[in-house]
Amino acid sequence: MGVILRTEDLCKFYGKGDSEVRAVNKVNIEIMRGEFVAVVGKSGSGKSTLLHMLGGLDRPTSGRVLIKDVDIYKPSEDALAVFRRRKIGFVFQNFNLISSINVWENIVLPLGLDHKKIDEGFVNQIVDTLGLRDRLEHLPDTLSGGQQQRVAIARALVTRPDIVFADEPTGNLDSRTSDEVVALLKLSAQRFGQTLVMITHDEDIAQMADRIIMIEDGRVVEP
């Protein structure tokens with residue numbers, strides 16, 4: 001297995017003096033390769049800020065994030081962007097699909113941005129795993145919320161990332177569709193060898209994970 005992600009005294013502070021907010025405060029965690037980890041906590045606890053730093057979207061005030069022993073914030077912004085595009089997948093609450101292109105084009109978009117050849121066999125495996133075969137020519141606006149989130153998951157997996165970060169991916173879905181999407185996300189990560197880190201406020205969904213990390217006032221506490 002081995003550790004794929006770890007943090008060292010990771011901090012994110014806003015403001016100064018009496019108005020300083022310690023959104024993330026000296027967080028030290030390790031996540032194993034292939035693990036499904038749920039990050040839970042109340043609104044304002046710092047869990048989204050933590051996830052954004054783990055995924056290279058928001059620079060820490062201090063501390064380090066290491067993915068496969070690479071300090072992701074040490075290189076330049078351009079190098080970080082390339083690393084993020086090639087090694088990390090993201091699934092958000094808002095699907096962030098491009099409405100003017102069809103499902104297939106949305107899925108393979110990250111490959112085009114990175115000037116990579118499309119491995120149609122691999123993409124088709126993802127499509128079939130997520131049950132999107134009969135939706136490939138459809139525009140996103142013609143799909144249900146659950147179907148759009150499946151497309152977003154497929155797009156996150158298509159670059160073969162080492163880690164997939166999901167920020168409240170079921171927040172806009174009903175409970176039945178939420179369970180289905182999380183089950184598919186977990187299945188896809190297992191099938192394609194990815195580590196999955198998910199923020200959720202839903203305790204039932206959190207229980208589907210291999211491990212739960214609880215955040216309270218910017219710190220990791222025992223669940």
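Structure: above.
These numbers come from a predicted model, not from an experiment. (Residues numbered from 1 in each chain as written. Predicted model: local features only at pLDDT ≥ 70, side-chain atom pairs only at ≥ 80, totals over all residues. Heavy atoms only, no water.)

**Here's the deal with the sheet that holds strand β9 (residues 195-199)**
Using the following cut-off: Any two strands between which DSSP finds at least two bridges are classified as paired. The helix count covers DSSP runs of H or I at least four residues long, the strand count covers runs of E at least two residues long, and both are numbered beginning at the N terminus. In this analysis an axis means a line fitted to C-alpha atoms, helices contributing only their contacting stretch, and an angle means the value between N-to-C directions, from 0 to 180 degrees. Contacts are residue-level and defined by heavy atoms, with any inter-residue pair within 4.5 Å sufficient.
Taken in spatial order, the six strands make up an open sheet running β7-β8-β9-β4-β10-β11, and their pairing is mixed. Looking at which strands have only one partner, the edges of the open sheet turn out to be β7 (88-92) and β11 (219-221). Neighbour-to-neighbour, the strand axes of the sheet open up by a mean angle of 25 degrees, direction not taken into account. Note that strand β4 (residues 36-40) and β9 share four bridges and pair parallel. What sits directly across from valine 37, in β9, is valine 197. Against the sheet, helix α2 (residues 77-87) contacts β7 and β8 (163-167), and its axis sits at roughly 75 degrees relative to β7.

**Overview of the layout of surface pockets**
Take a probe with the size of a water molecule and roll it over the atoms, and the empty space left behind shows itself. To keep it simple, the criterion reads: Cavities and pockets were defined on a 1 Å grid built over protein atoms only: a cavity is a set of grid points that admits a 1.4 Å probe from which the probe cannot escape, a pocket is an open set flanked by protein on both sides within 12 Å along at least five of seven lines, and lining residues are those with an atom within 4 Å of any such point. Grid points are joined across faces, edges and corners, and a volume is the space filled by probe spheres set on the points.
Within this model, the largest pocket holds a volume of roughly 340 Å³. Ile88, Phe90, Pro110, Arg155 and Ala156 are, among the 15 residues lining the largest pocket, the residues nearest its centre. Going through the elements one at a time, α2, β7, α3 (103-113) and α5 (145-157) are the ones with two or more residues in the lining of the largest pocket. Residue contributions to the lining of the largest pocket peak at four residues, all from β7.

No statement about biological role is implied by the geometric values presented.
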